[in-house]
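# Examining the three-dimensional arrangement
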Amino acid sequence: MGDGGSDFMRLIGHLKNESSAKTLADYLVSLDIRNLVEPDAEGWAIWVYSEDQIEAGREALTNYLHNPGDSKFQHASQNAAAMEERKRREKAKFDERVHTRDQIWVSSTIGPVTLTLIVISVVVTLLVYVDSAAPIINALFISERTGVNLPEVCHGEIWRLITPIFIHFGLMHILFNMLMLRDLGSLIEIRQNSKTLIFLVVVIAIGSNLGQYFYSGTGFGGMSGVLYGLFGYIWLRGQCDPASGLFLAPMTVTLMIVWFFLCLFGVIPGVANACHAVGLLMGMIIGAVPLAKRIF
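Residues numbered from 1 in each chain as written. Predicted model: local features only at pLDDT ≥ 70, side-chain atom pairs only at ≥ 80, totals over all residues. Heavy atoms only, no water.

## A short note on the overall build of the protein
On a plain count of helices and strands, the protein comes out with 13 helices and three strands. Looking at the protein as a whole, 46% of its 296 residues are labelled buried. Here the analysis covers contacts within the protein between residues at least 6 apart in sequence; of these, 71% occur between residues at least 24 apart. For the protein, the accessible surface area stands at approximately 15,300 Å², while carbon and sulfur atoms represent 62% of it. (Helix = DSSP H or I, 4+ residues; strand = E, 2+ residues; numbered from the N terminus. Buried < 20%, exposed > 50% of the residue type's maximum accessible area, 1.4 Å probe, protein only. Contact = heavy atoms within 4.5 Å. Areas by Shrake-Rupley, 256 points an atom, 1.4 Å probe, with all protein chains shown as cover.)

Quick look at the structure:
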């Protein structure tokens, strides 16, 4: 009846007998609301997994209590079975691409937004290699002047708040960043959607670029601030909302944290550490939104 247990489930109410609980559980499944029903001292408890689905679950329970003979409840088992079969087929297709939780993303499948970001980054990096002083490259930096607060942006060149993420300096710089972008970006696109990734990239790019600019001035570039933001988002969202399907292997978490501090303490020099720090903080804050909703 429903799915397995979770530390983040929320009780939405009780029904008196197992048959009613089973019917409601099937109806919730047909609405794509993950749930669990189990006996307790008050009868049969109805639990819902996702914070975002609590209200919908309570509404369904109220409707059932008012009219348990409604045809939509009577056909719930059939609808739930069809839903489970569809999910089984989708999972089978997904498992063909994703191997285990110990690998963040081992498939050649790349989300469309992720692929677009990679292509733009590669093209810009090739242009930097050909002529690093070309006008088109200069127009991608957050500013061409130091000592003045973003004069170009203030005059309408808003794109400069984002475009430094596409500038990379050297083969290893872009290779490492694009491999991580493929993994983190595609995970968000597949488990959530492309719009979520676009929102995260834009917001984190602006925040991390501004952080680095006010910390050290102009001349920086790279996707790493955004990558740390995506990392922080996936890490915290997966912890706060297991139903999101977002997860990171412990090895990935360790690698990103160790790399962060190696750069911060100068073991790896010439790194935009403010980008990393601001991006990571922003991603973690956005990822922790489900937890904040439960608290407040």
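On we go from here.
## Digging into the nonpolar core
Within the largest apolar cluster, 40 residues are counted, with the highest numbers of intra-cluster contacts made by Leu181, Leu184, Met223, Val226, Leu230, Phe231 and Ile234. Secondary-structure elements contributing two or more residues to this core are α5 (112-130), α8 (171-191), α9 (194-216), α10 (224-240), α11 (250-264) and α12 (273-287). Not counting residues within four places of it along the chain, the set of residues in contact with Phe231 comprises Leu184, Leu248, Thr252, Val253, Met256, Ile257 and Leu280. Counting residues in each nonpolar core, the second largest holds 18 residues, with Leu28, Ile54, Ala60 and Ala76 among its members. (Core = buried A, V, L, I, M, F, W, Y, C linked by side-chain atoms within 4.5 Å.)

## Quick word on the environment of Pro164
Take Pro164: it is sitting in the loop between α7 (151-154) and α8. For Pro164, a relative accessible area of 0% gives the class buried. For the pair Pro164 and Leu140, spaced 24 residues apart in sequence, the C-alpha to C-alpha distance is 5.8 Å. When near neighbours in sequence (up to four residues on either side) are disregarded, Pro164 contacts Leu140, Phe141, Ile142, Asn209, Phe220, Gly221 and Gly222.

## Details of the pairing of strand β3 (residues 43-48)
The buried fraction of β3 is high, at five of six residues. Alignment of strand β1 (residues 10-15) against β3, held across five bridges, turns out to be antiparallel. Looking at β3, one finds that His14 is bridged to Ala45. Taken together, the six bridges between strand β2 (residues 35-40) and β3 define a ladder with antiparallel strand orientation. The partner of Leu36 across the bridge, within β3, is Trp47. Remark: two residues form the turn of the hairpin made by β2 and β3, two consecutive strands paired antiparallel. (Pairing = 2+ DSSP bridges.)

## Some words on α8
Helix length check: α8 (21 residues) gives 30 Å between terminal C-alpha atoms against 30 Å at 1.5 Å per residue, within 8%. Buried residues of α8: Ile174, Asn177, Met178, Met180, Leu181, Asp183, Leu184, Gly185, Ser186, Leu187, Ile188 and Glu189, and no others. (Expected span 1.5 Å × (residues − 1).)

## What to know about the confidence of the model for the protein
Residue-level pLDDT values for the protein average 85, and 88% of them are 70 or greater. Ranking the elements of the protein by mean pLDDT puts helix α4 (residues 76-97) last, at 67, and α9 first, at 95. For the stretch residues 2-7, pLDDT sits under 50, and the model shows ten contacts to residues farther than four places along the chain or on other chains. Here residues 96-107 is a poorly scored stretch, pLDDT under 50, and it has 21 contacts once near neighbours within four places are set aside; other chains count. (pLDDT = per-residue confidence, 0-100.)

## Thoughts on the packing of aromatic side chains
Taken as a whole and assessed by the stated rule, the structure comprises nine aromatic pairs. Residues Tyr213 and Phe214 carry aromatic rings whose centres are separated by 5.2 Å and whose planes lie at 70° to one another, so their mutual orientation is edge-to-face. The class of Tyr213 is buried, set by a relative accessible area of 7%. Looking at Phe214, the relative accessible area reads 54%, which means it is exposed. Ring centres 5.6 Å apart and planes at 65° place the aromatic pair Tyr228 and Phe260 in the edge-to-face group. With a gap of 32 residues between them, Tyr228 in helix α10 and Phe260 in helix α11 connect regions that are remote in the sequence. (Phe/Tyr/Trp six-rings, centres within 6.5 Å; stacked < 30°, edge-to-face > 60°.)

## Looking at the packing of helix α1 (residues 18-30) against helix α2 (residues 54-66)
α2 packs onto α1 with a crossing angle of 135° between their chain directions and a minimal axis gap of 11 Å. As judged from the angle between their axes, α1 and α2 are oblique. The two elements α1 and α2 meet at a crossing, and its hand is right-handed. Of α2, the residues touching α1 (which contributes Ser20, Thr23, Leu24, Tyr27 and Leu28) are Gly57, Ala60, Leu61 and Tyr64. Tallied by class, the residues present in the contact of α1 with α2 amount to six nonpolar, three polar and no charged. (Axes fitted to C-alpha atoms, helices over the stretch in contact; angles between N-to-C directions. Parallel < 35°, antiparallel > 145°, perpendicular 65-115°, else oblique. Left-handed = near helix turned anticlockwise from the far one by under 90°. Nonpolar A, V, L, I, M, F, W, Y, C, P; charged D, E, K, R; others polar.)

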